[in-house]
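Coordinate analysis (summary)
Spelled out from the first residue to the last, the chains are:
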Amino acid sequence: MSDGPETATTEAAPGGELKALIAEARALLAPAKEAFSGANDLKQLEDLRLEYIGKKGKLSGLNRRMGKLSADEKPIAGKVINEHKAQILDLLKSRKEQLEMKALSQQLSGERIDVTLPGVRPARGSLHPVEQVTQEILGIFRDLGFHVEEGPEIENEWFNFDALNMPDNHPARDMQDTLYTERGHVLRTHTSPVQIRSMKKLDPPMAVVAAGKVYRHDSDATHSPMFHQMEGFLIDEDVSFGHLKGVLHEFLRALYGADVKLRFRPSFFPFTEPSAEVDVWWEAGNKWLEVLGSGMIHPNVLENGGIDPENFSGFAFGLGIDRLACIKFQIPDIRLLYENDVRFLRQF
Ligand code: FA5
């Protein structure tokens, strides 16, 4: 970088150096303006800044020469040089802004989003197979005119046992290995207490289904400690065992198709008389699998629900939803439903 004009004026007459400095300061403006607008990027502009107003730049060269001026001349020259420095700074600033805008718009156009690129699909979850079957079964019973109720999972012992004709010390309580919570309460062992709750709430005739979790101290390929049941019952005048069989046949055909292989077996439940169980052929397990218990509601149970057994009769059934799902989806072990292995769950 040269201090060019410094060498142009030596030995001037009194006042000559002042005039020369002023003229040189003025003469800087036009070339500075041209040079700045010719700068194509911020790096070039910075080099020009140093050339004009850097420590060794052209304006500093003029400042240094003020030493040769008289005391009267110095403030005059200083003022002129400062004014020109301010103008040069203004020019630099506006060119800098232009170049920054240019750089930003180049960056933005380079980063433009290509809306035609294929998107990344978010992984989609799906309903658990037990939930899928539950929804399907509820749909079948709704179509048959049943109404949906619910009951609590932590149940009062009276609703879970006593009201269902299983008083204290009744041997039938041992049929369902019970998990007790606080005194007088259990994790419900079946959905049958919803029968009593619904009878107390509704007036006959009534046709109700209620699905939910139930708990027992039980675990193997066909037993899970937590599983799902759906209770169904219908109360009206002159309900017969034939109605029960008809509804269960209709239901199983709707769920598995007209050629479903099923069999009724006589059974025992304290809350139904007579009672029957139904098995469905389980291809994945290569055996008959018991899927439900059922029967005609015991007169004591109707009474406990506040319904006169002289005028009304009813049937009831309790479905094992998890087992129905195993048959539906050809699952060979009920415990697979609860291991939460996504490789298994993704198949449904
Ligand atoms: C009962 O729980 C009766 N409350 C059913 C009932 C209701 C009978 C209304 C009469 C009238 P059971 O204990 O058999 O019955 O259970 C009913 C169904 O639940 C069984 O047929 C079976 O499909 C299923 N089940 C029973 N225990 C388990 C278990 N540990 N894991 C998975 N499913 C089970």
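Since this is a predicted model, take the numbers as computed values, not measurements. (Residues numbered from 1 in each chain as written. Predicted model: local features only at pLDDT ≥ 70, side-chain atom pairs only at ≥ 80, totals over all residues. Heavy atoms only, no water.)

**Considering the sheet that holds strand S4 (residues 185-187)**
The following threshold applies: When DSSP finds two or more bridges between a pair of strands, those strands are recorded as paired. We count a stretch as a helix when DSSP gives it H or I for four or more residues in a row; a strand needs E for two or more, and each element gets its number in order from the N terminus.
With antiparallel pairing, the three strands of this open sheet are ordered in space as S2-S4-S3. The sheet is open, and its two edges are formed by strand S2 (154-156) and strand S3 (179-180), each paired on a single side. Pairing analysis gives three bridges linking S2 to S4, with the strands arranged antiparallel. The residue bridging Ile 154 from the neighbouring strand is Leu 187, located in S4.

**Topic: the pairing of strand S10 (residues 313-320)**
Where we set the bar: Only protein chains enter the calculation, and the probe is 1.4 Å; a residue is then buried if its accessible area is under 20% of its type maximum, exposed if over 50%, and partly exposed in between.
Burial of S10 is extensive: seven of the eight residues sit out of reach of the surface. Pairing of strand S6 (residues 226-236) with S10, which is carried by eight bridges, proceeds in the antiparallel orientation. When the bridges of S10 are listed, Ile 235 appears paired with Gly 314. Taken together, the five bridges between strand S9 (residues 287-297) and S10 define a ladder with antiparallel strand orientation. Residue pairing for S10: Gly 295 is matched across the bridge by Ala 316.

**So, the pattern of salt bridges**
Put simply, the rule reads: Basic side-chain nitrogens of Lys or Arg form a salt bridge, by our definition, when they fall within 4 Å of a carboxyl oxygen of Asp or Glu.
A full pass over the atoms with the stated rule returns 14 salt bridges. Measuring nitrogen to oxygen at the nearest pair gives 3.3 Å for the salt bridge that ties Glu 17 to Arg 65. Highlighted residues: Glu 17 in helix H1 (residues 16-38) and Arg 65 in helix H3 (residues 58-65), separated in sequence by 48 residues. Two residues, Asp 333 and Arg 335, come together in a salt bridge whose shortest N-O distance is 2.9 Å. In this structure Arg 335 comes out as partly exposed when scored by relative accessible area, which is 35%.

**Let's talk about the domain arrangement of the chain**
We apply this condition: A domain assignment, automatic or from a database, supplies the domain bounds used here.
Here the chain is partitioned into domain 1 (3-110) and domain 2 (129-345). The C-alpha centroid of domain 2 is placed 95 Å from the C-alpha centroid of domain 1.

**Thoughts on the site of the ligand**
Our working rule: Throughout, near means a residue has at least one heavy atom within 4 Å of the molecule or strand. In protein, a polar contact requires one atom able to donate a hydrogen and another able to accept it; more generally it is a pair of N or O atoms within 3.5 Å, and residues adjacent in sequence count only if both atoms are side-chain atoms. Accessible areas in this description were obtained via Shrake-Rupley with a 1.4 Å probe; residue shielding takes into account the shown protein chains only. A 1.4 Å probe that fits but cannot get out identifies a cavity on a 1 Å grid over protein atoms alone, an open set with protein on both sides within 12 Å along at least five of seven lines counts as a pocket, and a residue lines either if it has an atom within 4 Å of a point. Molecule-in-pocket calls rest on the fraction of atoms, with more than half required to lie within 2 Å of the cavity or pocket grid points. Classes in brief: Ala, Val, Leu, Ile, Met, Phe, Trp, Tyr, Cys and Pro nonpolar; Asp, Glu, Lys and Arg charged; the others, Gly included, polar.
Not every one of the 26 residues close to the ligand is listed here, only the nearest: His 190, Ser 192, Arg 216, Ser 224 and Glu 290. At 2.9 Å, a side-chain N or O of His 190 approaches a nitrogen atom of the ligand. In this structure, Ser 224 approaches the ligand through a main-chain N or O atom, which is 2.9 Å from a nitrogen atom. In isolation the ligand exposes 670 Å². Once the protein is present, 96% of that is buried. A molecule is said to occupy a pocket when more than half its atoms come within 2 Å of that pocket's grid points, and by this definition the ligand occupies the largest pocket. Contributions of two or more residues to the shell around the ligand are made by S6, S9 and S10. The leading source of residues in the shell around the ligand is S9, at five residues. A per-class count over the shell around the ligand returns eight nonpolar, 13 polar and five charged.

**Things to note about the sheet that holds strand S5 (residues 206-215)**
The condition is simple: The contact rule is simple, with two residues in contact once any of their heavy atoms fall within 4.5 Å. Convention adopted: a line fitted to C-alpha atoms gives each axis, helices being fitted over their contacting stretch, and angles between N-to-C directions are expressed from 0 to 180 degrees.
Sheet architecture is open: seven strands sit in the order S1-S5-S6-S10-S9-S8-S7, paired in mixed fashion. In this open sheet, the two edge strands, each paired with only one partner strand, are strand S1 (147-148) and strand S7 (262-269). Both strand S8 (residues 272-282) and S9 contribute to a ladder of nine bridges, which runs antiparallel. From the neighbouring strand, Trp 282 faces S9, where its bridge partner is Lys 287. Each of S1, S5, S6 and S10 touches helix H5 (residues 129-143); the most contacted strand, S6, lies at about 5 degrees to it. Sitting on the sheet, helix H7 (residues 193-201) touches S5, S6, S9 and S10, and the angle it makes with S6 is about 40 degrees.

**Side note on the nonpolar core**
Convention followed: Buried Ala, Val, Leu, Ile, Met, Phe, Trp, Tyr and Cys residues form a nonpolar core when they are joined through side-chain atoms within 4.5 Å.
Formed by 42 residues in total, the largest nonpolar core has its most connected members in Ile 137, Phe 141, Phe 251, Phe 315, Leu 319 and Leu 324. Top contributing element to this core by residue count: helix H8 (residues 241-256), with seven residues. With residues up to four places along the chain from it excluded, the contact list for Leu 319 reads Ile 137, Phe 141, His 228, Gln 229, Met 230, Phe 251, Val 291, Leu 292 and Leu 324. Listed in part, the 23 residues of the second largest apolar core include Ile 22, Ala 39, Val 80 and Leu 92.

**A few points about the packing of H5 against H8**
Quick reminder of the rule: Any angle that is under 35 degrees is reported as roughly parallel, and any over 145 degrees as roughly antiparallel; angles of 65 to 115 degrees are reported as roughly perpendicular and all others as oblique. If you view the pair so one helix is near and one far, a crossing is left-handed when the near helix is turned anticlockwise from the far one by less than a right angle, and right-handed when it is turned clockwise.
At a minimum axis distance of 10 Å, the contact between H5 and H8 shows a crossing angle of 135 degrees. As far as their axial angle goes, H8 and H5 are oblique. Considering only the axes of H5 and H8, their crossing is right-handed. Residues Glu 136, Ile 137, Ile 140 and Phe 141 of H5 lie in contact with H8, whose contacting residues are Val 247, Phe 251, Ala 254 and Leu 255. Across the contact of H5 with H8, the residue classes break down as seven nonpolar, no polar and one charged.

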